[in-house]
Amino acid sequence: MASVELDGIGKRYGSLSVIEGLNLDVRDGELLILVGPSGCGKSTLLRIIAGLESISGGELRIGGRLVNEMAPRDRNIAMVFQSYALYPHKTVAQNMGFSLMLAKRPKAEIERKVKEAADILNLGGLLDRYPKQLSGGQRQRVAMGRAIVRDPEVFLFDEPLSNLDAKLRVQMRAEIKALHERLGTTMIYVTHDQVEAMTMADRIVVLNRGHIEQVGAPLELYDRPANLFVADFIGSPSMNLMPGRVEDDGFRLDGGGIVPLPSGLLPTGRELVLGIRPQHLLPAADDAPAALPVRVLLQEPTGDETFVEFAFGSDHIRAVFRERVVIGSGESFSLAFDPARLHVFDKASGERLSANN
Amino acid sequence: MSRRANPRHEAFLDWVTAIAVFLLLSPIAWVFLASVRPDRDIMSASLVPTSVTFVHFLSLFQRTDFMIALANSLVVGIVVALLTVAIAVPASYSISRFRYVGRDVMAALILGTQMLPGVAVMVPIVVIVRSLGLTNTLTALIFIHLALGLPIAVWMLRGYIDSVPRELEEAAMIDGTGQIGAMLRITFPLIRPAVVAVGTFAFVLSWGEYLMALALISKTEVKTLPLALQTLFDPYSFSWGEVMAGGVVIALPTIVLFLMFRNQLVGGLTSGGVKG
Ligand SMILES: Nc1ncnc2c1ncn2[C@@H]1O[C@H](COP(=O)(O)OP(=O)(O)OP(=O)(O)O)[C@@H](O)[C@H]1O
Ligand SMILES: [Mg+2]
């Protein structure tokens, strides 16, 4: 077990700067998840920690040791690749035992450790097979097994579940989380999948174009996104973000609609962006005072939820209703919300305003 | 496009294949048959031998010049095959895996040498070999055969190494190997069929090479098989059967090598290591 400290880490490919001045402390034993749009540098960051990419600037410490120039094999880390990267010419047992074999461990010990890992991952009957004789899920397990056998100080995962079908992904998600609880080893995990990030992480790091937008516990990111990028990125469907400014009669959106607000809640005259999650909009009771008059554009019932898109002035507002609502397209509708659920951002900087909690 | 869609096309293609195979095989078959027939039998129109004899092989193997040539060809061929592999593997690995200044230019140059017809470079080569004082040596022949086969060998291997995902080596380097270790333990076993193919190819190329040998070698002690075969056309004591037996001896290793490494040559990479 070890902490991982990134201190002003930068990465350039020629003149292209992919990561710049990145600071991050991964605590000993935590499961840290990196999320962010495609191409934001998640894999690059992971590969820097693994030692597969050189560092252009800054300092990297694993367990307190400076490892900038250290070869991957000396860093005592294990990595699970998105493609699994199993050795095609080696059996499952040989794949899993490869690192121990290279470390010249006694045969009996290798066999014992491989078997232990195989038991944890339900790979018992497959040890003599070759990777091509395995299903996608089994290959994924072998890749995990290969990492576990090493008993590393840090696990690195690069989208390990993205090649699996939805059902298997849910299952493996739970297994990785259980594994983390069981081993207590530091894990750094890259994913595209919001649900994966929200359900598994101790802390989430939101990356954007090579820098960190926010670090925090999953619910912290959900409840208090630090800026517009995180607000938009975390949560599905994503938050309604409506630019406008406070006027006498409420919050006037650039799209023309007016959101009634208790006066004094927000500074007047400033360019702001109002955010509210689709889940926090409700059908308003007929006599509700602060309702938004909207028009239905589109609705998609999924069975236990109904996704509805509304027009509000020239803005589009998305809402997700838990209960079934029967409304026709083009009809007028009234939306209610709890002002405490509002998020407010400065339009120019994109930063969250502290005015409303 | 379904193959079964048009049986007439399929039958047509089968016939084309059959004709091609026949055209390729009939001279070789003729050589093999002729080598075991009595001399007076060979020129008869019939393909079926009336009697089978090995006198041609016996008299061939009793000629010291032929046996020396056989040994020379084996030595040159084996050394060329080994050196080709020893040079082409690291060279192609470097081109495929590393980025450095001049890499693409070098790769293009290597391929570019293949565009020159052999005859065009023959004169300069002969001049160079002469000025080095290496005429009538096997060393010169080894170097030239190496130069003839290496470019293709490098390009063949490069394609194979490109197809081995970089991540396999990276996984190995995390598991505890260095860069060289990853190459030897992961990539090398995976491209072994191609390495065998390249070695075989280099041997066969050297074994049958005639033009450069003719230009550089005149002494009996250093002649290779193709040259020795030519001396069999002795205007005073000439035997078709012996010439044919010589042809068989030249053709045999190619066929044996192919049969031995057939699986390696046609077998691709073992798949399944990485998804997709
Ligand atoms: N070898 C390279 N040379 C030049 N640019 C590169 C190289 N590798 C990556 N990049 C660039 O670095 C950026 C970050 O890439 P990276 O693979 O880390 O993204 P990612 O966040 O993992 O994306 P994804 O979610 O699609 O996997 C991208 O813009 C990519 O084009
Ligand atoms: Mg990636």
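- Chain B carries the name Maltose/maltodextrin transport system permease protein MalG in an unreviewed UniProt entry, which gives Pleomorphomonas carboxyditropha as its organism.
- Under the heading Function (unreviewed entry), UniProt records this for chain B: "Part of the ABC transporter complex MalEFGK involved in maltose/maltodextrin import. Probably responsible for the translocation of the substrate across the membrane."

- Under an unreviewed UniProt entry, chain A has the name Sugar ABC transporter ATP-binding protein and belongs to Pleomorphomonas carboxyditropha.
- Its UniProt record gives chain A a comment under Subcellular location (unreviewed entry), which states: "Cell inner membrane".

**Examining the overall build of chain B**
Okay, so step 1: Secondary structure summary: chain B contains 14 helices and zero strands in total.
Okay, so step 2: Its helices and strands taken in sequence order, chain B reads α-α-α-α-α-α-α-α-α-α-α-α-α-α from the N to the C terminus.
Okay, so step 3: Expressed along its principal axes, the backbone C-alpha trace of chain B runs to roughly 70 × 65 × 35 Å.
Okay, so step 4: Here chain B, with 276 residues, has 39% of them falling under the buried criterion.
Okay, so step 5: Long-range pairs, those at least 24 residues apart, make up 71% of the contacts in chain B between residues at least 6 apart in sequence.
Okay, so step 6: Of the roughly 15300 Å² of accessible surface on chain B, 71% is carried by carbon and sulfur atoms.
Okay, so step 7: Treating the 18 positive side-chain charges of chain B as one cloud and the 15 negative ones as another, the clouds have centres 5 Å apart.

**Some details on the packing of helix α9 (residues 179–190) of chain B against helix α10 (residues 192–208) of chain B**
Residues and elements named next belong to chain B.
Okay, so step 1: Viewed as axis vectors pointing N to C, α9 and α10 meet at an angle of 65°, and their least axial separation amounts to 4 Å. Overall, the two elements α9 and α10 adopt an arrangement that is roughly perpendicular. Note on element contacts: α10 touches α9 through Arg 192, Pro 193 and Val 195, opposite Phe 188, Pro 189 and Leu 190.
Okay, so step 2: Its residues assigned to classes, the contact of α9 with α10 shows five nonpolar, no polar and one charged.

**Some details on the domain arrangement of chain A**
All names here are of chain A.
Okay, so step 1: Domain annotation of chain A identifies domain 1 (4–232) and domain 2 (242–353).
Okay, so step 2: Counting from both sides, the interface comprises nine residues of domain 1 and, opposite them, nine residues of domain 2.
Okay, so step 3: Considering only the surface of domain 1 that becomes buried against domain 2, Tyr 222, Pro 225 and Leu 228 emerge as the three largest contributors, covering 57% of it.
Okay, so step 4: Remark: the boundary between domain 1 and domain 2 carries zero salt bridges.

**Some thoughts on the UniProt feature "domain: ABC transmembrane type-1" (unreviewed entry) in chain B**
Okay, so step 1: Cross-referencing UniProt, the feature "domain: ABC transmembrane type-1" (unreviewed entry) maps to residues 70–261 of chain B in the present numbering.
Okay, so step 2: Spanning residues 70–261 of chain B, this segment combines 78% helix with 0% strand, and its end C-alpha atoms are found 22 Å apart.

**A few points about the environment of Leu 70 of chain B**
All names here are of chain B.
Okay, so step 1: Position of Leu 70 relative to the elements: it lies in helix α4 (residues 64–97).
Okay, so step 2: For Leu 70, a relative accessible area of 17% gives the class buried.
Okay, so step 3: Distance from Leu 70 to Glu 221, taken between C-alpha atoms, is 11 Å for residues 151 residues apart in sequence.
Okay, so step 4: Once you skip the residues sitting within four places of it in the chain, Leu 70 turns out to touch Trp 207, Leu 225 and Val 249.

**Structural notes on the side chain of Asn 95 of chain A**
Residues and elements named next belong to chain A.
Okay, so step 1: Along the chain, Asn 95 falls in helix α2 (residues 92–102).
Okay, so step 2: Relative accessible area serves as the criterion here: at 0%, Asn 95 is assigned to the buried category.
Okay, so step 3: Look past the residues within four positions of Asn 95 in its chain and what remains in contact with it is Leu 86, Tyr 87, Lys 90, Pro 131, Val 142 and Arg 146.

**Focus on unusual backbone geometry**
Residues and elements named next belong to chain A.
Okay, so step 1: Between Ser 236 and Pro 237 the backbone carries a cis peptide bond, its omega angle lying at -5°.
Okay, so step 2: Residue position: Pro 237 is located in the loop between α8 (228–233) and β11 (240–247).
Okay, so step 3: With phi around 55°, Asn 76 is a residue other than glycine that occupies positive phi space.
Okay, so step 4: By the secondary structure assignment, Asn 76 is in the loop between β5 (65–66) and β6 (77–80).
Okay, so step 5: A residue is classified by how much of its surface remains accessible, and Asn 76, at 27% relative accessible area, is partly exposed.
Okay, so step 6: Unlike most non-glycine residues, Asn 122 shows phi in positive territory, near 60°.
Okay, so step 7: On the secondary structure map, Asn 122 appears in the loop between α3 (107–120) and α4 (136–149).
Okay, so step 8: Its relative accessible area of 62% is what places Asn 122 among the exposed residues.

**Observations regarding the packing of aromatic side chains**
All names here are of chain A.
Okay, so step 1: Considering all chains together, one arrives at 12 aromatic pairs over all chains under this definition.
Okay, so step 2: When the ring of Phe 157 is compared with that of Tyr 189, the centres are 5.4 Å apart and the planes differ by 40°; the resulting orientation is tilted. On the criterion of sequence distance, the pair formed by Phe 157 in strand β7 (residues 154–158) and Tyr 189 in strand β8 (residues 186–190) is long-range, its members being 32 residues apart. Each member of the pair, Phe 157 as well as Tyr 189, is classed as buried.
Okay, so step 3: Measuring from centroid to centroid gives 5.4 Å for Phe 310 and Phe 333, while their planes differ by 15°, and the two rings are stacked.

**Details of the sheet that holds strand β2 (residues 16–26) of chain A**
All names here are of chain A.
Okay, so step 1: Overall, antiparallel pairing links the four strands, which are arranged β2-β1-β4-β5 in an open sheet. Both edges of this open sheet fall to β2 and β5, since each of them pairs with a single strand only.
Okay, so step 2: The pairing of strand β1 (residues 4–13) with strand β4 (residues 57–62) spans five bridges and is classified as antiparallel. Across the sheet, Asp 7 pairs through a bridge with Glu 59, a residue of β4.

**Notes on the UniProt feature "transmembrane region" (unreviewed entry) in chain B**
All names here are of chain B.
Okay, so step 1: Here the UniProt feature "transmembrane region" (unreviewed entry) sits at residues 12–33, 66–93, 105–132, 138–157, 194–218 and 238–261.
Okay, so step 2: In residues 66–93, the share of helix is 100% and the share of strand is 0%. The end C-alpha atoms are 40 Å apart.
Okay, so step 3: Counting secondary structure, residues 238–261 comes out at 88% helix and 0% strand; the distance between its end C-alpha atoms is 37 Å.

**Structural notes on a nonpolar patch on the surface**
Residue and element names in this part refer to chain B.
Okay, so step 1: Taken together, the side chains of Val 21, Leu 24, Leu 25, Ile 28, Leu 252, Ile 255, Val 256, Phe 258, Leu 259 and Met 260 present a nonpolar region at the surface, about 900 Å² in accessible area.
Okay, so step 2: Within the residue set of the nonpolar patch, elements represented by two or more residues are α1 (7–35) and α13 (240–260).
Okay, so step 3: If you tally residues by element for the nonpolar patch, the top one is α13, at six residues.
Okay, so step 4: Within the secondary structure, Leu 259 is located in helix α13.

**What about the site of ligand 1?**
All names here are of chain A.
Okay, so step 1: Surrounding ligand 1, one finds Tyr 13, Leu 16, Val 18, Ser 38, Gly 39, Cys 40, Gly 41, Lys 42, Ser 43, Thr 44, Glu 159 and His 192.
Okay, so step 2: Measuring from an oxygen atom of ligand 1, one finds a backbone N or O atom of Cys 40 at 3.2 Å.
Okay, so step 3: Within the contact set of ligand 1, an oxygen atom lies 3.0 Å away from a backbone nitrogen or oxygen of Gly 41.
Okay, so step 4: Secondary structure elements with two or more residues in the shell around ligand 1: β2 and α1 (42–50).
Okay, so step 5: Sort the elements by how many residues they give to the shell around ligand 1 and α1 lands first, with three residues.

**Regarding the interface of chain B and chain A**
Okay, so step 1: At the interface, 21 residues of chain B touch 26 residues of chain A.
Okay, so step 2: Carbon and sulfur atoms supply 62% of the area that chain B and chain A bury against each other, a total of about 2300 Å² over both sides.
Okay, so step 3: At the junction of chain B and chain A, the tally comes to one salt bridge.
Okay, so step 4: Close ionic contact of Glu 170 of chain B with Arg 47 of chain A constitutes a salt bridge, the shortest N to O distance being 2.7 Å.
Okay, so step 5: At the boundary of chain B with chain A, the tally comes to eight residue pairs in polar contact (both at pLDDT 80 or more).
Okay, so step 6: Mapped by element, the contributors of at least two residues to the side of chain B that touches chain A are α8 (166–175) and α9 of chain B.
Okay, so step 7: If you tally residues by element for the side of chain B that touches chain A, the top one is α8 of chain B, at eight residues.
Okay, so step 8: Looking at side-chain class alone, the side of chain B that touches chain A contains nine nonpolar, seven polar and five charged residues.

Procedures and definitions
Residues numbered from 1 in each chain as written. Chains lettered and ligands numbered in written order. Predicted model: local features only at pLDDT ≥ 70, side-chain atom pairs only at ≥ 80, totals over all residues. Heavy atoms only, no water. UniProt positions renumbered as here; feature names shortened; annotations may be inferred. Helix = DSSP H or I, 4+ residues; strand = E, 2+ residues; numbered from the N terminus. Buried < 20%, exposed > 50% of the residue type's maximum accessible area, 1.4 Å probe, protein only. Contact = heavy atoms within 4.5 Å. Areas by Shrake-Rupley, 256 points an atom, 1.4 Å probe, with all protein chains shown as cover. Lys, Arg positive; Asp, Glu negative; His and termini not counted. Charge placed at Lys NZ, Arg CZ, Asp CG, Glu CD. Axes fitted to C-alpha atoms, helices over the stretch in contact; angles between N-to-C directions. Parallel < 35°, antiparallel > 145°, perpendicular 65-115°, else oblique. Nonpolar A, V, L, I, M, F, W, Y, C, P; charged D, E, K, R; others polar. Domains from an automatic or database assignment. Buried area = accessible area lost by both parts, 1.4 Å probe. Salt bridge = Lys/Arg side-chain N within 4 Å of Asp/Glu carboxyl O. Phe/Tyr/Trp six-rings, centres within 6.5 Å; stacked < 30°, edge-to-face > 60°. Pairing = 2+ DSSP bridges. Patch = residues over 30% accessible without salt bridge, like charges linked within 9 Å, V, L, I, M, F, W, Y side chains within 5 Å. Near = heavy atom within 4 Å. Polar contact = N/O pair within 3.5 Å; in protein donor to acceptor, adjacent residues only side chain to side chain.

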